[in-house]
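Inside the fold
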Amino acid sequence: MIDFMEVGRLPVAGDNVAIATRRLEAGIVIRFETNTFALSHTVLEGHRFAVMHIEAGGLLTSWDMPFGKAIRSIAPGEYVCNPGVLEALAGRSIDFALPAEANFTDEIPPFEIEEARLVSGQQVAPAKSVLHFDGFDRGKRGAGTRNHVAIVGASSRTAGFVRRLAAHCNPRASGFDNVDGVVPVAHTEGEDAVQHNRMLVLRTLAGFMVHPNVGAVLVIDHAAAGIKSEDLQAYLAAQHYPVDADAVRYMTLEGAYAVHFDQAVAQVDTLLGIANKTGRTQLPANKLKIALQCGGSDAFSGISGNPLAGWVAREIVAQGGGANLAETDELIGAESYVLKNVKSPDVAKHFLSVVNRFQERAARHGSSAAGNPSGGNKFRGLYNIYLKSLGAAMKRDPAVRLDAVIEYGELMESPGFYFMDSPGNDLESIAGQVAAGCNMIFFVTGNGSITNFPFVPTLKVVTTTARYKHLTADMDVNAGEYLDGLSMDTLGSKMLAETLRVASGAQSVGEKAGHAQVQLWRNWRLNLAEQAPVVDAGATDYPGIPIPIDISDAPAVNLASSPASVGLVLPTSLCSGQISEMATAKLNAMGIGRSIDVERFVSVVHTEGCGASSGASEKLFLRTICGHLMHPAIKHALLLEHGCEKTHNDYFRNYLEAEGVDTTRYGWASIQQDGGIAPVLEKITGWFGERQVRENASSTGKAASVGILVAQNLSDALVDVLGRLTKGVVKANGTIVVPHAAVEAGYVQHPLLQQLRLAADIAPTIHYGQRILRPGFHAMAAPTWHEQELLAGLGATGVDVILVISDAFAVPAHPFIPVLQLGTADGPHADWWPAGSNTFEALLNLIEQTLTKTYLPKSTAAQHVDFQISRGWRGISL
């Protein structure tokens, strides 16, 4: 017999369901208060078991709040499971029997506001003594905990340029004593044909530009972009943002890449000198604004980690500072707790209206907040959105009053405790909190999330001691000490001291690791009023049968597919993207490829896999990622999970096996499960180092596949050349793929398609990102007009080379598939243009040289690379 306190925790006394503090085997007998009971099944750490009898229809409670309703009578000792967690566990590799069926459903009484009981609450009493930190005084902009030069991309069209420029310039910051670095703000937004999130993007980028951690900023826009510098400048002026004009520069990309790059480097050099003029000085802690965030949450997040972050935030608010609670969908079910202490009835009503708006938008896209908990959340005990929300709400200390409700990225202009509307997607939510002015981030994690933001330091708070020990090198604070017996006051005082130390310039663990990323709240394609499209490219089945074309006059074309030569480290979600890049850099530096016939190692860093809606959007993502995994150019590949995402390694393994793929040929690694960044990098390099040279029989002698992306009107010369190329490749048993979006956008009447004798109502033959199994002429369904998203979809089909027809600024390259840019005339970024009588032969020769690697496309040579996956019509952040 085991005493309950040795194996379980109740969030508050009186709860009828407890949390297992370690794995508990079936049949063990537990003494709880005056009763004893045996466990019905093996219970995983963080999962729940009943400690009281619960009648059928009775509510299951944690923190004295309901999270589900009993389907039948539940006895003490029963493993409590809903359908969602049983499904999630079935997709994992576990070694014990699960309950045959669920015993509770995700059903709780709807929250109804009682206006008569809404009274103005009291804020925590002001602190008796003033705390200080060494920061950067920015006057009206507040106080910085860091001093960075930020390179801000106005839209996604500049993302590749911004990343490359920041990587090139960051080492130059070492020559300036007061500057912490040069960081990129590259993102996916600002280019959709319909930008429902346009104001959010402008507000967020404006917040970044005036952020006190930014000493100077260079804004990069594109002449053909959906959001330009003048849009940002107009927004900043209209909203009266406190812009430091002397420390801001703007630059437009519209000509030669190399010339622009050199000009941008010169601008950054100037800005480094400007930023360096400001040094640290002692400032009161009322200048701190804390972003309260959680990710990779577990059952203990609401018991140790979130209350600890809330304790420290309480002390900052007591000093006269600010704190920001976000993730709207992760407070659904916890409304009564959030509103227990609120400034006014109007603030309470505003909070509820924001929650309702979020739910309506999700429903409009065929989703709901119930889909928020990731596979990792469920695996570690957060069965549904209600349990996740109840734990997340504990980031508001009971003594702290909710003072205001603000929009995503809206400035926090007064002290106090704020709620900010945002999705539960960690990185998207953090971007809004930073734009609101937060200069420190508390990131609470159960699994051990390793994400960081570029110019605001993050303190990562892990919920259990065992997890902290497993990931010591990647975590800052061990909240598990509270579970081990340390008082919250003692632990809180330790974390408060660490907060002031890091705010004063000491590097956080994440800063030492040297990786960070930005993700804005991604656009949603449907608003609350318009009709849904009839066809969703992510949901419709297409036959994969090529479209017949007349090849009777086809010229002779002999283009062969290149043999596999690339090693791929594939991130299964956005949160493992930065580490996958670190892995490829290490593999290339070590020269491992020479012994296994790999020319180079690459990654496809993307923004999906965490916090996005399921359904068609998820299918788009899976097809696109797996298409790249199985691309003919890939010789060896390893999948790298973060560890807490929905699209974890087991998720991909199950999907691939269902598609008949031999998963033993791939490597598998996990940042969280394998012990953190350093151990997982060692595992990755070890796996590739042990590979054997594999024959390229699958691609040897195979006719080439060519993707064609038409991004402008075609000249007669290009119509003739592309028409002849298409017919010749198809006649040679090769493949041509064009995005169907081009057809939908009006290109169906284009002379190229007329020459191929295609009817105006041609249908797609393949999905976005679907692998091509039958050669010929294919139209790829594409729910997007974004060039980089179209390139990602084309790349996943298996094409050997992509032709982009555009006279605009250089199109970024794909990470490993060569992209040739074709223009109507000679241009600084064009790889080819029609010239002379041998135009067609010249293009064939260039494509052949590219396939045989004797010609390197200009964008690839300039390291101008970008990658972005479409979410389709119904994709939305949760």
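Every chain begins its residue count from 1, and numbering advances along the sequence as written. This being a predicted model, a pLDDT of at least 70 is required before a residue's local features are given, and a value of 80 or more before pairs of side-chain atoms are given or counted; all residues contribute to the totals for chains, interfaces and linings. The basis for the side-chain values is all heavy atoms of the structure; hydrogens and waters are excluded.

Quick notes on the overall build of the protein
- Per the convention used, a helix needs a DSSP run of H or I reaching at least four residues, while a strand needs a run of E reaching at least two, with both numbered from the N terminus. A tally of helices and strands in the protein yields 25 helices and 32 strands.
- We take the radius of gyration over the C-alpha atoms and set the globule estimate at 2.2 Å times the residue count to the 0.38 power. Its C-alpha atoms give the protein a radius of gyration of 28 Å, near enough to 29 Å, the size a compact globule of 878 residues would have.
- Judged by the C-alpha coordinates and their principal axes, the protein covers about 90 × 65 × 55 Å.
- Exposure categories follow from relative accessible area, calculated using a 1.4 Å probe and restricted to protein chains: below 20% of the type maximum is buried, above 50% is exposed, and the middle band is partly exposed. Within the protein, buried positions represent 63% of all 878 residues.
- A separation threshold of at least 6 residues defines the contact pool for the protein, and within that pool the share at least 24 residues apart is 76%.
- For accessible areas, the Shrake-Rupley method is used with a probe of radius 1.4 Å. Any residue's cover is judged against the shown protein chains and nothing else. When the accessible surface of the protein is totalled, it reaches about 30700 Å², and 50% of it is carbon and sulfur. Any two residues whose heavy atoms approach within 4.5 Å are treated as being in contact.

Examining helix α5 (residues 257-275)
- Expected helix span is given by 1.5 Å per residue-to-residue step, counting one fewer step than there are residues. Taking 1.5 Å as the rise per residue, α5 with 19 residues should run 27 Å; its terminal C-alpha atoms sit 26 Å apart, in good agreement.
- Taken together, the buried positions of α5 are occupied by Tyr257, His260, Phe261, Ala264, Val265, Val268, Leu271, Leu272, Ile274 and Ala275.
- Where α5 is buried, its residues contact β12 (148-153), α2 (159-169), β13 (181-185), β14 (214-222) and β15 (248-253).

Structural notes on the sheet that holds strand β30 (residues 776-780)
- We call two strands paired when DSSP finds no fewer than two bridges between them. Spatial ordering of the open sheet is given by β30-β29-β28-β31-β32, a layout of 5 strands whose pairing is parallel. The open sheet has two edge strands with one neighbour each: β30 and β32 (819-822). Going across the sheet, the axis of each strand differs from the next one's by a mean of 20 degrees, ignoring polarity.
- The pairing of strand β28 (residues 705-710) with strand β29 (residues 735-739) spans 3 bridges and is classified as parallel. Bridging across to β29, Val706 finds its partner in Ile736. Between the N-to-C directions of two axes lies an angle of 0 to 180 degrees, each axis being a line fitted to C-alpha atoms and, for a helix, fitted only over the stretch in contact.

Some words on the sheet that holds strand β7 (residues 59-62)
- The sheet built from 3 strands is open, its strands ordered β7-β8-β9 with antiparallel pairing. Across the chains shown, the open sheet's two edge strands, defined by having one partner strand only, are β7 and β9 (104-105).
- Direction of pairing for β7 relative to strand β8 (residues 65-70): antiparallel, over a ladder of 4 bridges. Bridge pairing in β8 links Ser62 to Met65.
- Running over the sheet, helix α10 (residues 385-392) touches β7 and β8 and is turned about 165 degrees from β8.

Some points on the pairing of strand β20 (residues 416-420)
- When you tally the buried positions in β20, you get 5 out of 5 residues, the bulk of the element.
- One ladder, built from 4 bridges, connects strand β19 (residues 402-406) with β20; its direction is parallel. Bridge pairing in β20 places Ile406 opposite Met420.

Regarding the environment of Arg164
- Position of Arg164 among the secondary structure elements: in helix α2.
- Once the C-alpha coordinates of Arg164 and Ala862 are considered, the two residues, 698 residues apart in sequence, prove to be 9.0 Å apart.
- When near neighbours in sequence (up to four residues on either side) are disregarded, Arg164 contacts Tyr257, Phe261, Ala862 and Gln863.

A word on the nonpolar core
- Here, nonpolar core means buried Ala, Val, Leu, Ile, Met, Phe, Trp, Tyr and Cys residues that are tied together by side-chain atoms lying within 4.5 Å of each other. With 100 residues, the main nonpolar core has Phe49, Leu60, Leu288 and Phe351 as its most contacted residues.
- Ranked by the residues each element gives to this core, the list is headed by helix α6 (residues 301-318), at 9 residues.
- If sequence neighbours within four positions are ignored, Leu288 has contacts with Phe133, Thr145, Ile316, Gly321, Gly322, Asn439, Met440, Leu500 and Ala503.
- With 49 residues, the next largest nonpolar core counts Val183, Val248, Ile430 and Phe455 among its residues.

Things to note about the side chain of His648
- Inspection of the secondary structure assignment puts His648 in the loop between β26 (634-641) and α18 (649-658).
- Judged by its relative accessible area of 5%, His648 falls in the buried class.
- As used in this structure description, the phrase polar contact means that two N or O atoms lie within 3.5 Å; if the pair is within protein, one of them must be able to donate a hydrogen and the other to accept it, and residues adjacent in sequence are counted only when both atoms belong to side chains. A polar contact of 3.3 Å, which involves the side chain of His648, links it to the backbone nitrogen of Asp650.
- A distance of 3.0 Å separates the side chain of His648 from the backbone nitrogen of Tyr651, its partner in a polar contact.

Notes on the packing of helix α17 (residues 616-629) against α18
- Viewed as axis vectors pointing N to C, α17 and α18 meet at an angle of 80 degrees, and their least axial separation amounts to 12 Å. Taken together, α17 and α18 sit at an angle that is classed as roughly perpendicular. Here Glu618, Phe621, Leu622, Arg623, Ile625, Cys626 and Leu629 of α17 lie close against α18, whose contacting residues are Tyr651, Phe652, Tyr655 and Leu656.
- Each residue gets one label: Ala, Val, Leu, Ile, Met, Phe, Trp, Tyr, Cys and Pro are nonpolar, Asp, Glu, Lys and Arg are charged, and the others, such as Gly, are polar. Classifying every residue of the contact of α17 with α18 by side-chain character gives 9 nonpolar, no polar and 2 charged. Roughly parallel means an angle under 35 degrees; roughly antiparallel means over 145; roughly perpendicular covers 65 to 115; every other angle is labelled oblique.

Let's talk about the packing of α6 against helix α14 (residues 488-503)
- Relative orientation of the contacting elements α6 and α14 amounts to 60 degrees, with a least axis distance of 9 Å. Overall, the two elements α6 and α14 adopt an arrangement that is oblique. Remark: the crossing between α6 and α14 carries right-handed chirality. Residues Ile303, Ser304, Pro307, Leu308, Trp311, Val312, Glu315 and Ile316 of α6 touch α14, and the partners they reach there are Met488, Asp489, Leu491, Gly492, Ser493, Met495, Leu496 and Thr499. What makes a crossing left-handed is the near helix being turned counterclockwise from the far one by less than a right angle; a clockwise turn instead makes it right-handed.

Section: the pattern of salt bridges
- Take a side-chain nitrogen of Lys or Arg and a carboxyl oxygen of Asp or Glu: if they are within 4 Å of each other, that pair is a salt bridge. Within the structure shown, the criterion is met by 31 salt bridges.
- The partner of Arg157 in a salt bridge is Glu787, with the nearest N and O atoms 3.7 Å apart. Residue Arg157 is located in the loop between β12 and α2, and its partner Glu787 is located in helix α23 (residues 787-796); the two are separated by 630 residues in the primary sequence.
- The exposure class assigned to Glu787 is buried, which follows from its relative accessible area of 17%.
- Here Asp650 and Arg653 are joined by a salt bridge, their closest N and O atoms 2.6 Å apart. Of this pair, Asp650 and Arg653 both sit in helix α18, 3 residues apart, which is roughly one turn of that helix.
- Arg653 sits in the partly exposed class, given a relative accessible area of 22%.

Examining the state of the cysteines
- Throughout, a disulfide means two cysteine sulfur atoms within 2.5 Å of one another. The tally for this structure, following the rule as stated, stands at 0 disulfides.
- With no disulfide of its own, Cys644 lies 6.1 Å from the sulfur of Cys610, the closest cysteine sulfur.

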